[in-house]
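Descriptive analysis of the structure
Each chain is listed here by its residues.
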Amino acid sequence: MSNKDIMLMAHLMRRVGFGSTKDELEEYIKNGYDNQVDIILDSEPNYEISKHLINRYQPDYGSPMGNSSNGASWLYKMIWSDSPFKEKISLFWHGIFATGYAKLANGIVLHDQIKMFSKFGLGNYKNLLIELSKDPAMIIWLDNCESHKGAVNENYGRELLELFSMGTGNYTEKDIKEASRAFTGWTIANKDYMTTKSQRDSVWPYGRLAMHFEYKEDDHDEDEKIFLGETGNFNGEEIIDIICKQKATAKFISRHMYSFFVEDEPPVPEWPYKEPNNPNAIELLSEVYFDTGYNIKEMLRFLFKSKFFKSEKVWNKRVKSPIELVAGTLRITKEFERPDKQQSSANSHTSFMGQHAMNPPSVEGWHWGTEWLDSGTVVERVNFSSSKLGDVNNSGIRKIINNVKSNISNQYSTELLIEKILEELGSIIVSKTTKDTLKDFVNSKINSEKSLNDDNLSELLQLIGAMPEYQRA
Amino acid sequence: MKDKKDRSLVVVQLSGGNDAMNTIVPYNNGIYHDSRSAIHLTEKEIIDIDGSLGFHPEMGALKNLWDQNKVAVINGIGYPVPNRSHFRSMDIWHTAESESIAPDGWLGRTIREIDPNHNNVVTAVNFGRGLPRALVCKDVPVASVGDLETYGLMPDIKGKEQRQDVLNYFSRMYGPNQGRDAILEALGENGVSAMNGADILSGANSKYSSSIEYADNPISNNLKDIAKVIFADVGTKIYYAQHGSFDTHAGELFNHAKLWKDLSDALGDFFEDLKEHDRQDDVTVLLFSEFGRRIQDNGSGTDHGSGGVAFVLGGSVNGGFYGEQPSLEISEQVEGDMKYNNDFRSTYATLLDKWMGIDSVPILGKNYEQFNFINKGT
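Source: prediction; values computed, not measured. (Residues numbered from 1 in each chain as written. Chains lettered and ligands numbered in written order. Predicted model: local features only at pLDDT ≥ 70, side-chain atom pairs only at ≥ 80, totals over all residues.)

Observations regarding the overall build of chain A
Helix and strand content of chain A: 25 helices and four strands. For a compact globule of 473 residues, the expected C-alpha radius of gyration is about 23 Å, and chain A comes in at 24 Å, within 12% of that figure. Each of the three principal axes of chain A carries a C-alpha extent, and together these read 80 × 55 × 40 Å. The buried share among the 473 residues of chain A stands at 52%. In chain A, the share of contacts with a sequence separation of at least 24, taken over all contacts with a separation of at least 6, comes to 73%. (Helix = DSSP H or I, 4+ residues; strand = E, 2+ residues; numbered from the N terminus. Rg over C-alpha atoms; globule rule 2.2 N^0.38 Å. Buried ≥ 20, exposed ≤ 12 C-beta atoms within 10 Å, placed from the backbone. Contact = placed C-beta atoms within 7 Å.)

Below is the structure:
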């Protein structure tokens, strides 16, 4: 196995999951690259994290007063799942179909929505959009429960077209109205009670109830509609059917995929004005979209095996989102074996860095890429990763130190020491400037004291956690 | 008269929903006594203001400022169609937008107005971790400080010199010698401004000297840190801190008293400190909470309500009552709550226009009627 193979596998694992350490990479590489892609896409996890385990530590899980325990238990799964890809897919859809606690005041429906993403998120896009339109959290978030026959609320119809499928410029205001009419009657059961309970009630002592979808035939506008040039007495399913046939939808979803898995695209509002980074890749993904009947998993299979994904040009061309940064770091340190209070509080770091899971800033979700970075969030990001990697008491870090020590002799060179550590952490690629800086640090600190003791190694690891390359994926 | 440039606004968020009725107490109102059988405050306990309203017994320090005409009490503050969810209601106060979900906060928009080219990385400083949405705005950097003494990059490195040494390596990694792509550009720029911000703020910490001894609790520590940054004159215009939790569903008598004692004493010390440094007229403080609580108690506390009370304090404040004390008559209640009679955005507008000298209309989206709680000629 060549160094290049390892680097490529490390790139894949940063994108399909939250990164892998050297031990894991060596296992995966035995399967061969393409085969490993199939394994990730097709296999069910060996070990499903028990709901009861999470319940024991977070008794308000599923019926929480706030949404912090939902975010924390989701992070726990990202850290410990042997199929982090599943969580990554939910995170992908949560970014696009961003739905938030601020308006819902009900954690359980958000939890259910994330579960829905992991169940339907790799299937047919049409089915996913239908499930989304029936999702209670979404129905409240975009007011579809306020949309009635004869008194249409256009919020869901608009965002379905603008944010969830086609993007602006590909439909008219009339299309929005017609789509919204088709979704009248798609509501939640016992709506008045549920929304009043969320808004008015004290959270104590019983918490929140789950909600479920209800189709109210008598509140559905069954008259004729003209939508994107087609005429009929459309209901919601038919509208989604027409949406999925559009070239704009294929392009829109391909561009999201490219941005999340390959390299940062500009945020969605800029898409009508800026060409994609790689228009050819978007074309190819769109073809797979139509060839496979809108199948998300097959689009991703194509993507991960494509030349444009494997190309070194796109390695590390993404800024880690706060959740990716925190989950990836905690997968290395293996600090939280149980979803306990400390683990919960580690979760709040993603909010400090600007990404509060299940509480996006708006219906647009979070803007990604360099927009994650400002002088406040950089402090949080650098301090989190440097202090976590520098904590030699964590079993994951302890193991890395032991591996490095057993791999180098007493006569090691500075260069070798740095290389080994970067390799153990998941074959992190660094620039010459960064490497020279680390070398000078080792020469002045460690070599002058001639000691690879914990204090020295901790400082080196802190500096590695602080380097700009660690912020990228 | 001092230049408006020296002025700053300190916002203290009372998280969880402060019980307005046990803060500014209508102590001789029969309905108050009847509906608060478990947690009412008596005429003997409260600090009388005008024979009908009184401060909570633990608000002695605040009463002292009131007597100096430095406290505006805004009764009956709220917004149309009250929402009793903490999250949504706090969101409404943060974004100043009550009808839809807005992406940015009113103070974030204010900072963008003050420093559009972000020349100063500490134009706004938040005390606490994570940015409250009030301060969020695209391209607006805000420093978030847990504790001024340890604030900065890589605080786990032990020893001051050692840390400075490691930070030199840090600045090399984020410096101009790195090859450039868009991500590195952003990382480099923000990494360096984070270091500068940390430098400025740690300088504020080391320069501070004062004879005032603040208590040792979170809100006192925050206000003391704010005083340090004010005295360092580093151009900070907005400070933010949070105090709580005021979500007193249970054990209200005890919990609410402790919360107000800590806050009131901390504010007393803060204004003493400002006076000692001759800065008492340069600083205005806003205290707000996302909602008030139910008129009727629940046997040991109170549940979420609507109309509440806010305070504006400072040397340039024209003290007194603003807004109206809502009637407690059943017919005047809104679903068991005090009815709001003034929109919180009127208070924001007054602070923006009359205190900060910034046009409030683009920030709040429309023109709100203003109060006179800022002294004329300031």
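Still more to cover.
A closer look at the domain arrangement of chain A
Residue and element names in this part refer to chain A. Partitioning chain A into structural domains gives domain 1 (3–42), domain 2 (51–314) and domain 3 (395–471). Its C-alpha centre places domain 1 at a distance of 23 Å from the equivalent point of domain 3. Facing eight residues of domain 1, the contacting portion of domain 3 comprises six residues. Where the side of domain 1 that touches domain 3 is concerned, the elements lending two or more residues are helix H1 (3–16) and helix H2 (22–29). For the side of domain 1 that touches domain 3, the leading source of residues is H1, giving three residues. Considered class by class, the residues forming the side of domain 1 that touches domain 3 number four nonpolar, three polar and one charged. (Domains from an automatic or database assignment. Nonpolar A, V, L, I, M, F, W, Y, C, P; charged D, E, K, R; others polar.)

Digging into the interface of chain B and chain A
Where interface size is given, it is often the accessible area lost as the parts come together that is meant. The interface of chain B with chain A comprises 44 residues on the first partner and 41 residues on the second. Elements that contribute at least two residues to the side of chain B that touches chain A include exactly helix H3 (86–95), strand S7 (143–145), helix H5 (160–174) and helix H6 (182–207) of chain B. By residue number, the principal contributor to the side of chain B that touches chain A is H6(B), which donates ten residues.

A closer look at the pairing of strand S8 (residues 238–244) of chain B
All names here are of chain B. Across the seven residues that make up S8, a large majority, five, are buried. Pairing geometry for strand S1 (residues 8–15) and S8, over seven bridges, is parallel. Looking at the pairing, Leu14 lines up with His243 of S8. As judged from the three bridges shared by strand S6 (residues 124–127) and S8, these two strands associate in the parallel manner. The partner of Ala124 across the bridge, within S8, is Ile238. (Pairing = 2+ DSSP bridges.)

Thoughts on the sheet that holds strand S4 (residues 54–55) of chain B
Residues and elements named next belong to chain B. Pairing is antiparallel across the open sheet formed by three strands, whose spatial order is S2-S4-S3. In this open sheet, the two strands that pair with only one neighbour each are strand S2 (24–25) and strand S3 (47–48). Pairing of S3 with S4, which is carried by two bridges, proceeds in the antiparallel orientation. Directly across from Asp48, in S4, lies its bridge partner Gly54.

Quick word on helix H6 (residues 84–96) of chain A
All names here are of chain A. The terminal C-alpha atoms of H6 lie 19 Å apart, and with 13 residues this matches the ideal 18 Å at 1.5 Å per residue to within 8%. Counting buried positions along H6 gives ten out of 13 residues, so the element sits mostly inside the fold. Those residues of H6 that sit buried are Pro84, Phe85, Lys86, Glu87, Lys88, Ile89, Ser90, Leu91, Trp93 and His94. In this structure, the buried side of H6 is in contact with H1, helix H3 (33–42), helix H5 (68–80), helix H8 (107–120) and helix H19 (322–333). (Expected span 1.5 Å × (residues − 1).)

Things to note about the packing of H5(B) against H6(B)
Residue and element names in this part refer to chain B. With their axes 9 Å apart at the nearest point, H5 and H6 run at an angle of 150° to one another. Relative to H6, H5 is oriented roughly antiparallel. Where H5 crosses over H6, the two elements pack in a sense that is left-handed. Across the interface between the two elements, Leu167, Ser171 and Tyr174 from H5 touch Leu187, Gly188, Gly191, Val192 and Met195 from H6. (Axes fitted to C-alpha atoms, helices over the stretch in contact; angles between N-to-C directions. Parallel < 35°, antiparallel > 145°, perpendicular 65-115°, else oblique. Left-handed = near helix turned anticlockwise from the far one by under 90°.)

Here's the deal with unusual backbone geometry
Here the amide bond leading from B:Gly244 into B:Ser245 is cis, since omega sits at 5°, within 30 degrees of zero. Secondary-structure assignment places B:Ser245 in the loop between S8 and helix H8 (252–276). In this structure, A:Ser427 is a non-glycine residue whose phi angle is positive, near 50°. A count of 22 C-beta atoms within 10 Å places A:Ser427 in the buried class.

As for helix H7 (residues 218–232) of chain B
Residues and elements named next belong to chain B. The end-to-end C-alpha separation of H7 is 21 Å, in line with the 21 Å expected for 15 residues at 1.5 Å each. Those residues of H7 lying buried are Ile219, Asn222, Leu223, Lys224, Asp225, Ile226, Ala227, Lys228, Val229 and Ile230. Phi turns positive one or two residues past the end of H7, at Asp233, with a value near 50°.

Things to note about the environment of A:Arg181
Residue and element names in this part refer to chain A. On the secondary structure map, Arg181 appears in helix H12 (residues 173–182). What makes Arg181 buried here is the crowd of 25 C-beta atoms within 10 Å. Taking C-alpha positions, Arg181 is 39 Å from Lys77, a pair spaced 104 residues apart along the chain. Leave out the neighbours within four places in its chain, and Arg181 touches Val152, Asp221 and Lys225.

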